[in-house]
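Working through the structure, step by step
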Amino acid sequence: MAARAIWAGNLKLGPATLPVKLYSAVEDQSVHFHILEAKTKLRVKQHMVNPESGEPVTSEDIRKGYEIEPGTFVFVDDQELEAIEPKPSRDIEITRFVPSGHVSHLWYERPYYLGPDAESDPYFAFVQTLRNQDREGIARWVMRKKAYVGALRVNGDYLVLITLKHADEVLSERDLPAPRARDLSPKELNMAEELVGALEGEFNVNEFRDEYRDRVMELIEAKAKGKRPALHAARPKRATTSLADDLAKSLAAMKRGTRGKERKVA
Amino acid sequence: MPKRARRAEAEVSEEEPSTRPFWSGTITFGLVSIPVNLFPASRSGRVSLRMLSPDGVPLSRRYFSQKSGKDLDDDDMIRGYEIEKDKYVVVTDEELERLEPEKSRDIDLRRFVKKDEIPPIYFEHAYFLAPAGGSLKAYQLLAETMERGGRAGLATFVMRGKEYLVAILAENGILRAETLRFSDEIRAPAEIGLPKPARVSKAAVQRFEKVIHARSANEVSREELRDEQAEKLRKLVERKEARHKDVVEAEGAEWKPAKVVDLMEVLKKSLAGKRAA
């Protein structure tokens, strides 16, 4: 049942080196379709075509070009591309450790699990330490001819390495103006605090399924059996409590007075 | 090509910013309604290399028939799900549309959790929420309350025919929505075959503490997140252009240069309460 690792590397931690393996942490579960020719029901094929002549171009004749200005290209060949590839390496360097959560999710690209490639003990010792210190590492490594930067974090009992987007791809809050009307009064803030407090709960992601995907699969299965699919309109999501109940709870709490009420510590 | 497949492709390349918001809706929180516009917080890395013909004409991707070898139009193609090898169930656009969740423009905040309770690998796509008219005060109130308490609001919402679970977060007074992955899309450590946690020695923990302290810092700079590969490629290309080597200008009817819109400017204006152009 063990998954195959995508890559193996050496996590460099000062004098220590932890051999690790990288595994994909997420698996796309959406329903995938193929494109078929209506007449034959055979899968279509793809090719690259010169839109001016209408003629297909074989892969040997395809050239790669960099659009340096709109409409102007510079040819680049495989040899030139190879010359600028990053040097291959199995090392995962940690340049620094910052407070956990410091790198905003806005930067997150793709998560991978890191598992020990040799003995488990040092690996789990490191997980424990990173968790105790409440820090995340900034990692740099080269994998399959590409250079990556990632956030090395604790996720449950294990390490995850989350690749990060590049600087020019992300808009940051720090560069954006926060909408401000005017200063909020303590009364307004207290009321909002009460309401949020009344709606506090736990994060239980298992409560939520991709129901659209379920409906698509039901449709497909019905059609496969030759049945007429029941295309029922999707049931709109309804919360388990009514808004009126939630509000009543919070208003009652406010009436009783905030200090007297037992609440989870914020 | 079926409309949906085209739409899906368009979505992928559609990280190209436009002046219109990605989506508009209303956050509801108690009795408070906050109309918002959604903007993607990131654009996918620009594809720097184009496929060209030997004389520099940008190529187009076309679908063609296995049988006849001829190129196919949208109307010639349908969508199929493979149930067995080479056996497909056809699904139409109309059928998929009927299965879509009820159209809604609401992000209904019913539950707040500690931001840190959500494991980092659940976060998928992030969007900034800018106030879309109505009172700025409500927006500010929600942002401030959530930021103070280190909380995230959980909600479901429907966008472009799909239903998402989102976490609404606030940072520096700005709200954002981050879609969360479904639990069955996250692989469990046991599934992967990771070993069970071992007992840990104090000595080992102390050794690692030293390592972490030696490299602790408070900040990461944008510098560290530069795309060095892209920069090297750009430099290579600029050198070639300067020598007039391998440069070609595209003409031809099909070629449209990419439109560049400054998403940052659009977003700034939107957050300042000005209408997007």
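See above for the structure.
1. Things to note about the environment of A:Leu152
All names here are of chain A. Within the element layout of this structure, leucine 152 appears in strand β11 (residues 146-155). When its relative accessible area of 0% is taken as the criterion, leucine 152 is described as buried. Linking leucine 152 and arginine 209, residues 57 residues apart in sequence, is a C-alpha distance of 28 Å.

2. Things to note about the packing of helix α2 (residues 120-133) of chain A against helix α5 (residues 202-214) of chain B
Packing of α2(A) against α5(B) brings their axes to within 9 Å, and their N-to-C directions diverge by 55°. Looking at the two axes, α2(A) sits oblique to α5(B). Of the two elements, α2(A) crosses α5(B), and the hand of that crossing is right-handed. Judged by residue contacts, A:Pro122, A:Ala125, A:Phe126, A:Gln128, A:Thr129, A:Leu130, A:Asn132 and A:Gln133 of α2(A) engage B:Ala204, B:Val205, B:Phe208, B:Glu209, B:Ile212 and B:His213 from α5(B). When its residues are assigned to classes, the contact of α2(A) with α5(B) shows eight nonpolar, five polar and one charged.

3. Considering helix α6 (residues 228-242) of chain B
The first and last C-alpha atoms of α6(B) sit 21 Å apart over 15 residues, in line with the 21 Å expected at 1.5 Å per residue. All of the buried residues in α6(B) are B:Leu233, B:Leu236, B:Val237 and B:Lys240. End-on view of α6(B): buried residues confined to an arc of 95°, all on one side of the axis. The secondary structure elements touched by the buried residues of α6(B) are β6 (63-69), β7 (72-76) and α1 (78-83) of chain A together with β3 (49-52) and β13 (247-249) of chain B.

4. What about the nonpolar core?
Formed by 114 residues in total, the largest nonpolar core has its most connected members in A:Leu11, A:Tyr113, A:Phe126, B:Ile118 and B:Leu175. Top element by residues in this core is strand β11 (residues 162-171) of chain B. It accounts for seven residues. Core analysis: the next-biggest nonpolar cluster, separate from the first, contains 10 residues, A:Val31, A:Val216, B:Val89 and B:Val91 among them.

5. A word on the interface of chain A and chain B
Taken together, the contacts link 158 residues of chain A with 156 residues of chain B. The largest per-residue losses of area from chain A upon contact with chain B belong to A:Phe73, A:Leu171 and A:Phe203, which jointly make up 5% of the total buried on that side. One can count nine salt bridges joining chain A with chain B. Counting the contacts that link chain A with chain B gives 56 residue pairs in polar contact (both at pLDDT 80 or more). Take the side of chain A that touches chain B: its biggest share by element is 11 residues, from α2(A). In the side of chain A that touches chain B, the residues fall into 85 nonpolar, 32 polar and 41 charged.

6. Focus on the sheet that holds β3(B)
Ordered by their spatial adjacency, four strands build an open sheet running β3(B)-β6(A)-β7(A)-β13(B), and the pairing between neighbours is antiparallel. What marks the edges here is a single partner per strand, and that holds for β3 and β13 of chain B. With strand direction ignored, the average angle separating the axes of adjacent strands in the sheet is 45°. Where β6(A) and β3(B) come together, four bridges link them in antiparallel fashion. Of the residues in β3(B), the one forming a bridge with A:Tyr66 is B:Leu49.

7. Comments concerning the environment of B:Ala138
Residue and element names in this part refer to chain B. Within the secondary structure, alanine 138 sits in helix α3 (residues 136-149). For alanine 138, a relative accessible area of 14% gives the class buried. Separated by 104 residues in the primary sequence, alanine 138 and isoleucine 34 place their C-alpha atoms 6.4 Å from one another. In contact with alanine 138, other than residues within four places in its own chain, are Val32 and Ile34.

8. A closer look at the sheet that holds strand β12 (residues 158-164) of chain A
Residues and elements named next belong to chain A. Read around the closed barrel, the seven strands follow the order β1-β2-β9-β12-β11-β10-β8; overall the barrel is mixed. Adjacent strand axes in the sheet meet at a mean angle of 40°, parallel and antiparallel pairs treated alike. Relative to β12, β11 is paired through six bridges, and the arrangement is antiparallel. Residue pairing across strands places valine 154 opposite leucine 159, the latter belonging to β12. In this fold α2 packs onto β1 (7-13), β2 (16-24), β8 (91-99), β9 (108-116), β10 (135-143), β11 and β12, with an angle of close to 70° to the strand it touches most, β12.

9. A look at the packing of helix α3 (residues 186-198) of chain A against α3(B)
Packing of α3(A) against α3(B) brings their axes to within 10 Å, and their N-to-C directions diverge by 60°. The crossing of α3(A) and α3(B) is right-handed. The segment α3(A) lies against α3(B), with A:Glu188, A:Leu189, A:Ala192, A:Glu193 and A:Val196 engaging B:Lys137, B:Leu141, B:Glu144, B:Thr145 and B:Arg148.

What counts and how
- Residues numbered from 1 in each chain as written.
- Chains lettered and ligands numbered in written order.
- Predicted model: local features only at pLDDT ≥ 70, side-chain atom pairs only at ≥ 80, totals over all residues.
- Heavy atoms only, no water.
- Helix = DSSP H or I, 4+ residues; strand = E, 2+ residues; numbered from the N terminus.
- Buried < 20%, exposed > 50% of the residue type's maximum accessible area, 1.4 Å probe, protein only.
- Axes fitted to C-alpha atoms, helices over the stretch in contact; angles between N-to-C directions.
- Parallel < 35°, antiparallel > 145°, perpendicular 65-115°, else oblique.
- Left-handed = near helix turned anticlockwise from the far one by under 90°.
- Contact = heavy atoms within 4.5 Å.
- Nonpolar A, V, L, I, M, F, W, Y, C, P; charged D, E, K, R; others polar.
- Expected span 1.5 Å × (residues − 1).
- Arc of directions from axis to C-beta.
- Core = buried A, V, L, I, M, F, W, Y, C linked by side-chain atoms within 4.5 Å.
- Buried area = accessible area lost by both parts, 1.4 Å probe.
- Salt bridge = Lys/Arg side-chain N within 4 Å of Asp/Glu carboxyl O.
- Polar contact = N/O pair within 3.5 Å; in protein donor to acceptor, adjacent residues only side chain to side chain.
- Pairing = 2+ DSSP bridges.

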